[in-house]
Structure formats: C-alpha cells, structure tokens
Amino acid sequence: MSTEFNFHALKSAERLPSPSGTALTIMNLVQKDDTSVKQLAEAVKVDPALTSRILNFANSAAFGAHRPIANVNEAVQMMGMQAVRNFALSLSLVSNNRKGHCADFDYNTFWMKSLAMAVAIAALTARERTAAPEEAFTLGLLSEIGQLALATVWPDIFGECLRSAQGDTLIKLECERFAIDHKALTLMLMQDWGLPGLFLDALKLSFQPPQAEVTRTVRFASQLAFARQLSHYCVADDQYRAALLADVQKEAIPHNFTDETLSQFIDQINQQWQDWGKLINIKTDTRLAFPTTQAEQSDVLPGLDILLVDDDPLILVRLSKQLTHAGHHVAVCPDGEAALKHVLENKPQIIITDWRMQPMDGLALCRTLRSSAIGKNLYIIMLTAAETEDELVEAFDVGIDDYVTKPVNLKILLARIRAGQRITTLQQEVEREKQDIQRTNAELAVANRKLGIMANTDLLTDLPNRRYALARLAQEWESAQRYNRPISVLMLDLDHFKLVNDTLGHDAGDEVLSHTAKLLKAASRATDIACRLGGEEFLIIATNTDGKTAVLLAERIRIAIQTHQPNGLALKRPITVSIGVAGSIGNQPGWNELIKQADRALYVVKAGRRNATQLASEL
Ligand SMILES: Nc1nc2c(ncn2[C@@H]2O[C@H](COP(=O)(O)OP(=O)(O)OP(=O)(O)O)[C@@H](O)[C@H]2O)c(=O)[nH]1
C-alpha cells in the first residue's frame, strides 16, 4: 500500500510533529545559499538554551573536539551549518514532545532510548568515520521519530496497537490501522526535514537483515543496527542486560571490539548518555526491565508527576523524599520562575507550591499558570504559613485548588494529593470520553484514507499509480523551482514484454511486473519516488538530482533488472528495460515538458538496441 500518499495527507493536515521557533528560523536560514556563519550564529544566540547546548556539543570530545570552543561562531564553524541546523531541529522536537495524549506511549522512555541511540551512533562513527559524528547524533535521536508521530496523530489507536502488539507485530498492526508504519513514517519525516540521503538510505538498510556488500552506506547501516543494540543495552536493568549481552558481544566483533574494549566503550556511552540527559532534560535514571506481558504489568499503579516548589532547600529535600517514598515522581524547583519553565517542559499533574518566594511567589505562579493553556487544568496545592482568611480567599480566587498549612503534616498532604488525584482522574475520564467520540471519527478517517490510498495505488505492484505520480511530480516540481534544486524523471519501459504474455500467459506477465516493481523499490534511494504509469511502463521521480546523476540511478536499475531475473519462469528472453531520463534545474517550461523529454529519450532507446539508458539532453 502506498505510504507516500498517506504521508502527504498527514502533512497537509499539519498533524505531524514539527520543529518550531528558533529551530525553524535556523532551518530557513540554512536553506538559503547566501547565509553566513555569523548570521547563523546570531540566530542561535537568540535562544540561550540552544546556545549552551551547541557549545557543549561542539566541546564534546566524543565529536572530535581537540581544543576548547568558547563562542557560538566558532561552534557553528566547527560543526558546520547542516549539523547545527539538524541539531536545532532535533532539540526543538524533543522539547515540543516531552509529553502527549497517547496514554500507552511512554514519552520519556522514548526520548531516553533515542538519546542512548544518538550517543551510541555518534561514538561509533567517531571510531570509524562513515559519517560526521555530530550529524549521526541527530540521526540517532530521530531514528524512531515515526513512533512519536503515530502517538501524536492517532493517540488512541496507536495506544491500542502498543497494548496488543506482541514481539514484532507492532509494524503489522500499524500497517493495518494506519496504512503506514512507524519506520516508513520516520524515513518520510526525515526526508521532509531535509536530512541527507545517505542517512535515509542507511537507516532504511539498518532495519533490514545485514548486507554482504561493502559500501559506505552499508557500513553506516551496520553501525546503526549495532548502535540500536547498544542503546537497548544502555537502558536495560541488570537482568535484562545479562540477557542481551551475548548478542551485543557477537555484533561487536565485525566492529573490531574485543570484550574489554567493548566494555570500556559501553561505559563511555553510558556516561555520555547521562551527561546528555542532564543537558537536554531527558531523564536517564529509569532502567527498563525484560519486556513483560500486559497481564504481568497490570497490577502496577503509576504514581503522580508532582512538582514541588519552595525556596527552602530543607523542605524540598524532606518532602520530595517522603512523596517519592509514597510512590510519586517528584521534581523540585526553588522559585516560581523555575517552576513555570519546568511546567512548560514537563507538564506535571500536581503542583505543591510555597506561597512566599522570590522573585515570583506562589500566588503569581498560580495566576500565570491559570492564564495559560497548559496550567489551566493543573491541580495546585498551596503551602501556607501565617496567611489570613482574606489572603486565603484571594488565593482561591487566583486559582489554587487546595492548601496545606506549614509545618506540613505528611498524612494530611498525602490525603490532599489523593483528593487531587481523584479530580485529575475525573478530568482524564472526561478527556477519554471526548477522545472516544473523536475515535469513531478517526476510524472513519482511516477508512477514508485507505480508500484514498487505493485510489492512488496500483494494486498489482503496490506502487503509486499514474494519478498519484503526476500529482506528486507537479508538487515536487514546484518545490524544486522554489528552492532552485534539480529534479529528474526516469521513464522506464520493459522490453518485449508482450512476448511474456504471449508465450507464458497473463499471470506470468503479472509476476514479471511485480518482480520489476520490487527491484525498482530496492534499487532506488529512499528519496526517489517509483510509480507504475500503467502496462509495463514505470516512472521514477528523482528529487534533488540532476540529469547526469539520474543516469547513474537509471543504470543501477537497468543492471539490477537484467541481473535479477524472476525465478521459475521459462522466459524466451531475459527481462530487460529501456530508460529515458530527463533532468532539469532552473526555469524550465514545466513538469509535463520534462516527461515529454524523458519519453522522447525512451523512444530513441526503443527504436535502437533497447536495454539501455538515454539522457534527453544528449540527444
Ligand atoms: N500481464 C500483464 N500484461 C499487461 C498489463 N498491462 C499491459 N500488459 C501487456 O503489456 C504488453 C505491452 O506490449 P507492447 O506495448 O507491444 O510492448 P513490448 O512488448 O514491451 O515491446 P517494447 O516496449 O517495444 O519493447 C501488451 O501485451 C499488454 O497487454 C498487466 O497489467 N499485466
């Protein structure tokens, strides 16, 4: 089923995770040819958090820093504009998606694992340079982003998939429910965000069984697969690690590790993972146990995410210890301003705040929270000391839900928290009911989407059909014109295909067409769009590719078709293909002219020896 179409529908509906703020500005700047390092550094400096993270990044020994980098200009120079852009993109995605509506998707675990993957692939590429480690880091961080996207777009249905998936069945369930799976969605998002083709190809390969070929892409893919294993190991608890160790050691051998160097390497990754966790606010303190079944997990009751705000460090330490002991997850902040920042980034369920603090007191914190979308439904408990009745009335008017007097009696506080929990649970139930209604609509939308996909997919080969191909080409053409990027089309036609039908029958002909479609998909890059126009005619849209490079792609495909003949058919002559290629950059008459040129080139090959490639501009 065509995932291409599905992705574009989602994107147009603006429901996918996307970068925002400074990251978007940076991405737009890097898009322009004439942006200088200084301009980019200025854009970074607007965001102090990003600035400090980029400086840390540039100074990290893991990414080859040999001398201290003191300012952003130097950091940008050293990392390169693309790496800065991609780093900003991934950080923006992390901070916009720390929480979400999919109750069965553990957002922190997701980022915790992604971060381990990022650190592992950066460290592996620093040992053997298949890609720049600072860029590989971004790829690692986003390497499962499709899962987050599914949790964002379809929180309920994806939650159901997560609950009912056993072992490797998640992908299958996703395909059934969404007509797209998280791996394909990951690749499409990355392509859409402009990550390099090498990354996409390597990531795609890393999901598949290891390849025998030795190319840079294959090598990078094998590093990614190994980094994925290392990341699982990193986040696992002792028992789970013991179960994983033999596989990790086996996989380490082709990467030139001994048991001793592997153990040092794992320690190094572990340390960097924790350091990075602190730097970009991803918790790395949980360890995952051996995956258990749902029945085994069902009696575990989750505690609440509580934020404790007080300027007295002793109270913070004592209360957080007691509340943690009672099963809650507790974060602490020394004042209202820090608390606001924490709420924005972590969305706790309950806030327990002191009243008198500097610079922002508890009342001001409450007022600010109630005026924001995030803070509207938060349950707020105020710790009071010697406040008068009028002051308490004012506090309720400002929006607190409850108060507890100081010195705090733990029993009372826990009882008030339970009351808060009942209210937040009720709120969640209302929310769930709302979602149930939305869910019926979502299921209808899935059915409609599937219909839409069918209308855009060729049923025999599963490739996008003519209707989709032409609409997509028009769209890609527009974008190539806007950004002054090259674009090419390959028109392919099987040679003497009628002979297959005439000698072996129509079913054999169908088999040859399906076989050809598989080869086209395998030989194309992740960024190429292979479609069936009809009969034995195919089209490939090669974005960001000029005519000469497209000829290389065409030749790779032609040779693959000639080399890998379909099995079990007594063919009178081998299956071969003729290919016409047309490439364009700049102000050309239009995409239909490009097709005509490729068609003319194909006609010339057909009129001659066939089984060859012809570039239109060389006619
Ligand atoms: N099995 C099968 N055959 C198809 C399908 N669509 C079109 N065809 C057949 O494809 C053949 C195309 O034949 P021609 O246009 O003469 O082309 P050709 O035999 O490949 O010859 P050249 O292109 O000149 O090399 C016809 O026999 C069509 O009936 C299909 O979906 N399945």
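Each remark here, short or long, concerns the structure printed above.
From a predicted model like this one, the values you see are computed outputs, not experimental measurements. (Residues numbered from 1 in each chain as written. Predicted model: local features only at pLDDT ≥ 70, side-chain atom pairs only at ≥ 80, totals over all residues. Heavy atoms only, no water.)

**Q** Would you take a moment to explain the site of the ligand for this structure?
**A** If you check the shell around the ligand, you find 16 residues, and the closest are His496, Phe497, Lys498, Asn501 and Asp510. One of the side-chain nitrogen or oxygen atoms of Asp493 is found 3.0 Å away from an oxygen atom of the ligand. Glu536 is positioned with one of its side-chain polar atoms (N or O) 3.1 Å from an oxygen atom of the ligand. About the coverage of the ligand: the protein hides 67% of its 670 Å² of free accessible area. With 4 residues, the single largest contributor to the shell around the ligand is helix 25 (residues 506–523). Its residues assigned to classes, the shell around the ligand comprises 3 nonpolar, 5 polar and 8 charged. (Near = heavy atom within 4 Å. Polar contact = N/O pair within 3.5 Å; in protein donor to acceptor, adjacent residues only side chain to side chain. Areas by Shrake-Rupley, 256 points an atom, 1.4 Å probe, with all protein chains shown as cover. Helix = DSSP H or I, 4+ residues; strand = E, 2+ residues; numbered from the N terminus. Nonpolar A, V, L, I, M, F, W, Y, C, P; charged D, E, K, R; others polar.)

**Q** Can you help me understand empty space enclosed by the protein in this one?
**A** Empty space among the atoms becomes visible once a probe the size of a water molecule is rolled across them. All told, the structure shown has 1 cavity of 30 Å³ or more when counted by the stated rule. Surrounding the largest cavity, Asp495, His496, Leu499, Val500, Thr503, Leu504, Leu571, Lys572, Arg573, Pro574 and Ile575 form its lining. Residue composition of the lining of the largest cavity, grouped by class: 6 nonpolar, 2 polar and 3 charged. (1 Å grid on protein atoms, 1.4 Å probe; cavity = no way out; pocket = protein on both sides within 12 Å on 5 of 7 lines; lining within 4 Å. Points joined across faces, edges and corners; volume = space filled by probe spheres on them.)

**Q** Help me understand the pattern of salt bridges in this model?
**A** Any two side chains of opposite charge can pair, on the condition that their charged atoms come close. Going through the model one piece at a time under the given rule, you end up with 21 salt bridges. Notably, a salt bridge pairs Asp401 with Arg370, separated by 2.8 Å at the nearest N-O pair. With a gap of 31 residues between them, Asp401 in the loop between helix 21 (389–398) and strand 5 (402–405) and Arg370 in helix 20 (residues 362–370) connect regions that are remote in the sequence. Taking relative accessible area as the criterion, Arg370 reaches 17% and is therefore assigned buried. Put simply, Arg525 and Asp528 hold a salt bridge, and the shortest N to O gap is 2.7 Å. Relative accessible area serves as the criterion here: at 23%, Arg525 is assigned to the partly exposed category. (Salt bridge = Lys/Arg side-chain N within 4 Å of Asp/Glu carboxyl O. Buried < 20%, exposed > 50% of the residue type's maximum accessible area, 1.4 Å probe, protein only.)

**Q** Please clarify how the pairing of strand 5 should be interpreted in this entry.
**A** On a regular strand, one side chain projects to one face of the sheet and the next to the other, so that they alternate. Residues Asp402 and Val404 of strand 5 are buried on one face, while the alternating residues Tyr403 and Thr405, pointing to the opposite face, are not. Bridge count for strand 4 (residues 379–384) against strand 5 is 4 bridges, and the pairing is parallel. Each residue of the ladder has a partner; that of Ile381, found in strand 5, is Asp402. (Pairing = 2+ DSSP bridges.)

**Q** Could you clarify how one ought to interpret the environment of Gly420 in this entry?
**A** Its location among the elements puts Gly420 in helix 22 (residues 410–456). Sequence separation of Gly420 and Ile350 is 70 residues, and the distance between their C-alpha atoms is 7.5 Å. When near neighbours in sequence (up to four residues on either side) are disregarded, Gly420 contacts Ile350 and Tyr379. (Contact = heavy atoms within 4.5 Å.)

**Q** What is the right way to look at helix 3 (residues 37–45) in this model?
**A** Because each turn of an α-helix spans 3.6 residues, side chains separated by three or four positions in sequence point in the same direction. When we look at burial in helix 3, the residues that qualify are Leu40, Ala41, Ala43 and Val44. The arc enclosing the buried residues of helix 3, seen along the axis, measures out at 160°, which places them on a common side. For helix 3, the elements touching its buried residues are helix 2 (21–31), helix 4 (48–59), helix 5 (72–79) and helix 6 (81–96). (Arc of directions from axis to C-beta.)

**Q** I'm lost on the sheet that holds strand 6 (residues 487–494) in this one. Help?
**A** Remark on secondary structure: sheet strands pair via backbone hydrogen bonds, oriented parallel or antiparallel. As summarised here, the arrangement of the 5 strands in space is 7-8-6-9-10, forming an open sheet in which the pairing is mixed. Strands with a single pairing partner mark the edges of an open sheet, and in this sheet they are strand 7 (528–534) and strand 10 (613–615). Each neighbouring strand pair of the sheet contributes to a mean axis angle of 20°, computed without reference to strand direction. The pairing of strand 9 (residues 577–584) with strand 10 spans 3 bridges and is parallel. Counterpart to Ile579 in the pairing with strand 10 is Thr613. (Axes fitted to C-alpha atoms, helices over the stretch in contact; angles between N-to-C directions.)

**Q** I tried to follow the sheet that holds strand 4 on my own but got confused; where do I start?
**A** Spatially, 5 strands are ordered 2-1-3-4-5 in an open sheet, and the strand pairing comes out parallel. Here the strands that pair on one side only, and so sit at the sheet edges, are strand 2 (329–333) and strand 5. Pairwise comparison of adjacent strand axes, ignoring direction, gives a mean angle of 20° for this sheet. Pairing analysis gives 5 bridges linking strand 3 (residues 350–354) to strand 4, with the strands arranged parallel. If you follow Asp354 over to strand 4, its bridge partner there is Leu383. Sitting on the sheet, helix 19 (residues 336–346) is in contact with strand 1 (305–309), strand 2 and strand 3, with an inclination near 165° to strand 1.

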